[in-house]
Amino acid sequence: MSRVLVVLETANGAVKSASLPGVTCGQQIAAKDGGELHLLVLGADVSAAEAARGFGAAAVHTLTAAELEPFTAEAWGDAIVHAARSIGATHVGGTATSTLRDALPRAAAVLDSPLVSEVVAVKAVDTFTRPISAGRALVDMKLSGPVAFFTARATEFPPPNQGGSSPVKALGGTQLNTRGVTVVGVHKTESARPALTEARVVVSGGRGMREGANFGVLEELTDLLGGALGASRAATDAGMVPADLQVGQTGKIVAPELYIAVAISGAIQHLAGMKGSKTIVAINKDEEAPIFQIADYGLVAKWEDTIPQLTALVRQHKAAN
Ligand SMILES: Cc1cc2nc3c(=O)[nH]c(=O)nc-3n(C[C@H](O)[C@H](O)[C@H](O)COP(=O)(O)OP(=O)(O)OC[C@H]3O[C@@H](n4cnc5c(N)ncnc54)[C@H](O)[C@@H]3O)c2cc1C
């Protein structure tokens, strides 16, 4: 019977919404063989463990140590290994966030265990589906090893089932080793906009925006829609906007309610990051642009003509409602 340990990320006494797809994936694995779900909260402030008691887990485990904050993959890796051993986990994973993409492979290596990343479906307790070739194909992978490690693609799992009131258990102390890494400063990006991966609306610009200053018109539309700004890699590589706005295979994976792609051709690597969006709108002057093949609504036009009009219409609509 499986014992699935899901690592949570928390902030201000709450479980980050980014962690929830990992919980759902863990619930699905445990359900395959009537196994148990266990949750893990790491860090100096484990009050968020209370907030994690409603996901039907056999227990919410906490591990407090000064080395766990600020985050280093080295210390988190050690902590995850300690928790996995203490609980006797058969599976360990979480959402494919930048934090867990960093920490889980270290823990898997220490336990000499296999890891499957970006899981999009749970086929069996040991078999998982993940995309390959920038989403052009799916592969089913069967894992055998002491512990099966996984990261779940955030856009592919619905919110977790709620239920029960799990006990909170503090794990005994262990030695955590940051292996010579000291975080000397954390510089947070200040933005009034929602995080790209959590926004309900994303407006992205591509190379056809030509220069950074032109993104101003997209920012205006983005803010009216209460969304997040994104970009293609061509736009970030050209320095038009910061690299952390990149959507795609080597950027962020997003699946908002509405994705507006402006002056983006629709290369497969870009589509890999946004094709799960509910409604896709494409604005491009080239009617042959591949983005139109996956767009729900397409407009063959120059952004210079379209975006100011669209922005004015949204403003009018908001004023009237
Ligand atoms: C290993 C690898 C990983 C990659 N990862 C990513 C990734 O994560 N994300 C990503 O985005 N790319 C990624 N790429 C790059 C990708 O292959 C494309 O090069 C990139 O997505 C192209 O960006 P773009 O659509 O903005 O530019 P282009 O392909 O140059 O398209 C620009 C578009 O703008 C349109 N246009 C021009 N002027 C206007 C105008 N005035 N009004 C309206 N439309 C206009 C044009 O018709 C054109 O379709 C990756 C590539 C590789 C090899």
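What you see is a predicted model, and the numbers here were worked out from it, not measured in a lab.

**What to know about the sheet that holds strand β1 (residues 3-8)**
Across the sheet, which stays open at both edges, the seven strands sit in the order β7-β11-β6-β1-β4-β5-β12 with parallel pairing between neighbours. With one partner strand each, in any of the chains shown, β7 (115-119) and β12 (168-170) form the two edges of the open sheet. Across this sheet, the average inter-strand angle for adjacent strands is 25°, counted without regard to direction. Note that β1 and strand β4 (residues 36-42) share six bridges and pair parallel. Looking at the pairing, valine 4 lines up with leucine 37 of β4. Each of β1, β4, β6 (91-95), β7 and β11 (148-152) is contacted by helix α1 (residues 20-32), which is oriented at about 145° to β6, the strand it contacts most.

**So, the nonpolar core**
Within the largest apolar cluster, 94 residues are counted, with the highest numbers of intra-cluster contacts made by Leu39, Val41, Ile80, Ala84 and Val262. With nine residues, the top contributor of residues to this core is helix α3 (residues 73-87). Residue contributions to this core reach at least three from each of two domains, namely domain 1 (3-170) and domain 2 (201-320). Ignoring anything within four residues of it in the chain, the contact list for valine 41 reads Leu8, Thr10, Val46, Ala48, Ala49, Ala52, Val60 and Thr62.

**Here's the deal with the site of the ligand**
Around the ligand sit 27 residues in total, of which Gly206, Gly208, Arg233, Ala234 and Gly248 are the nearest. Listed by contribution, the elements that provide at least two residues to the shell around the ligand are α6 (233-237), α7 (268-274) and α9 (303-320).

**A word on the pairing of strand β14 (residues 228-231)**
Of the two faces of β14, the one lined by Ala228 and Gly230 and the one lined by Leu229 and Ala231 are each fully buried. One ladder, built from four bridges, connects strand β13 (residues 201-205) with β14; its direction is parallel. Within β14, the position partnered with valine 203 by the bridge is leucine 229. With respect to chirality, the unit in which β13 leads through helix α5 (residues 215-224) into the neighbouring parallel β14 is right-handed.

**Quick word on the sheet that holds strand β16 (residues 279-284)**
Read from one edge to the other, the open sheet built from five strands follows the order β14-β13-β15-β16-β17, with strand pairing classed as parallel. Of all strands in the sheet, those bounded by a partner on one side alone are β14 and β17 (297-300). Averaged over all pairs of adjacent strands, the angle between their axes in this sheet comes to 15°, without regard to strand direction. Looking at chain direction, β13 and strand β15 (residues 258-262) are connected through five bridges and run parallel. Along β15, the bridge assignment pairs glycine 205 with valine 262.

**Things to note about the pairing of strand β5 (residues 59-63)**
When you tally the buried positions in β5, you get four out of five residues, the bulk of the element. Pairing between β4 and β5: five bridges, direction parallel. Bridge pairing links valine 41 to threonine 62 in β5. Bridge count for β5 against β12 is three bridges, and the pairing is parallel. The residue bridging valine 60 from the neighbouring strand is valine 168, located in β12.

**Overview of unusual backbone geometry**
Trans is the common state for peptide bonds, and a negative phi is the common state for residues other than glycine. Omega for the bond connecting glutamate 69 with proline 70 falls within 30 degrees of zero, at -5°, which places this linkage in the cis form. Within the secondary structure layout, proline 70 lies in the loop between β5 and α3. The backbone of arginine 210 shows a phi angle near 70°, a positive value even though the residue is not glycine. Checked against the element boundaries, arginine 210 lands in the loop between β13 and α5. You can call arginine 210 partly exposed: it has 16 C-beta atoms within 10 Å.

Criteria and cut-off values
- Residues numbered from 1 in each chain as written.
- Predicted model: local features only at pLDDT ≥ 70, side-chain atom pairs only at ≥ 80, totals over all residues.
- Pairing = 2+ DSSP bridges.
- Helix = DSSP H or I, 4+ residues; strand = E, 2+ residues; numbered from the N terminus.
- Axes fitted to C-alpha atoms, helices over the stretch in contact; angles between N-to-C directions.
- Contact = placed C-beta atoms within 7 Å.
- Core = buried A, V, L, I, M, F, W, Y, C linked by C-beta atoms within 7 Å.
- Buried ≥ 20, exposed ≤ 12 C-beta atoms within 10 Å, placed from the backbone.
- Domains from an automatic or database assignment.
- Near = placed C-beta within 6 Å.
- Right-handed = clockwise from strand over helix to strand, strands pointing away.

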